[in-house]
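Chains, contacts and geometry: an overview
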Amino acid sequence: MAVLAVFSLSSAVPAFAGARQASQTVTAPMLPLFVRSGNTGHLLAYDPKGDGGLQSANDLGGGFSAATALLRANISDNGNGTDLYARLGGRLYYTAERGTETKVIGPGWDMYNLLMSPGNMGGTATPDILARDADGALWLYQGKPDGTLITRVRAGASGWNGMNALAGYGDYTGDGKNDLLARNTTGVLSIYQGTGNATTDAVLGSRITVGTGWDAYTALVSTGDNSGDGKPDLIARDSAGALWLFKGTGVASAPFAARVQIGTSGWNAFNAFF
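Here's what I pulled together on the structure shown here. (Residues numbered from 1 in each chain as written. Predicted model: local features only at pLDDT ≥ 70, side-chain atom pairs only at ≥ 80, totals over all residues. Heavy atoms only, no water.)

1. Brief notes about the sheet that holds strand S14 (residues 189-194)
Reading across from one edge, S12-S13-S14-S15 is the order of the four strands in this open sheet, with antiparallel pairing throughout. Looking along the sheet, the strands with just one partner apiece sit at the ends: strand S12 (163-167) and strand S15 (204-211). Going from strand to strand, the sheet's axes swing by 25 degrees on average, the running direction of each strand aside. Bridging between S14 and S15 involves five bridges; their strand directions are antiparallel. Opposite leucine 189, over in S15, you have glycine 211 as the bridge partner. (Pairing = 2+ DSSP bridges. Helix = DSSP H or I, 4+ residues; strand = E, 2+ residues; numbered from the N terminus. Axes fitted to C-alpha atoms, helices over the stretch in contact; angles between N-to-C directions.)

2. Some remarks on unusual backbone geometry
The phi angle at asparagine 78 is positive, at roughly 55 degrees, despite the residue not being glycine. The topology assignment puts asparagine 78 in helix H1 (residues 76-79). On the basis of relative accessible area, asparagine 78 is assigned to the exposed category, the value being 61%. Although it is not a glycine, aspartate 201 sits at a positive phi angle of roughly 60 degrees. Within the secondary structure, aspartate 201 sits in the loop between S14 and S15. Residue aspartate 201 is classed as partly exposed on the basis of its relative accessible area, which comes to 37%. (Buried < 20%, exposed > 50% of the residue type's maximum accessible area, 1.4 Å probe, protein only.)

3. Remarks on the pattern of salt bridges
Enumeration over the complete set of coordinates arrives at two salt bridges. Aspartate 146 serves as the salt-bridge partner of lysine 103, at 3.9 Å between the closest nitrogen and oxygen. With lysine 103 in strand S7 (residues 102-106) and aspartate 146 in the loop between strand S10 (138-141) and strand S11 (153-156), the pair connects residues that are 43 residues apart, well separated along the chain. Under the relative-accessibility criterion, aspartate 146 is labelled partly exposed at 35%. (Salt bridge = Lys/Arg side-chain N within 4 Å of Asp/Glu carboxyl O.)

Have a look at this one:
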């Protein structure tokens, strides 16, 4: 992957030393797995091998311990860049992989207790952000080509505090629209089908239950297509620190194949996966 741009704000903001998004029955983006070291605050990027495995880590720089949320999105370079959103001190910042500056998206982002990017949920060509507030409502911020965001739209009125993990970066059901994966506090994983519409309380459609027992994993993340078959996958870390790949099938009734181990140990050293 390319060497990434440098945050150009105060010393509190650290240095930050792709693929095109999908549409109807199209290939999912193949993006690196980003992790943050719990000991050093360094960001590491693991590019996919294209067969389900991961290449050796690229160290993207340190100083990220203060970030309370980190998100990756493919926005710059016409969707081929690997860009970063970071929340520090309640402010959200954006930096592009091939850019030269960091933009301040705005203050007040500490009102949300969960931030993630599911790719394009609202029907534009740019990845979006989902944010959950303290009351359990879910909000969609559509992305713009310069990394800034459109005014939020409510994606779900309530109940999202019952979810302890949100993931996904692509179409898991084969209908050409990006979906959201959500795990509840009892370990049930579900797919909330994307509608492709940025309409209040209509961003997400019907729910499909994937299965139970997903509380065995301490982290869930999607980097789009990790295995090279054009379908989005899911990566999970178990309590022992091993890493597993669930290959996406693109079939709503059975969205994942049997898990394959892609990391034997040591992944508990990281406190953020995105």
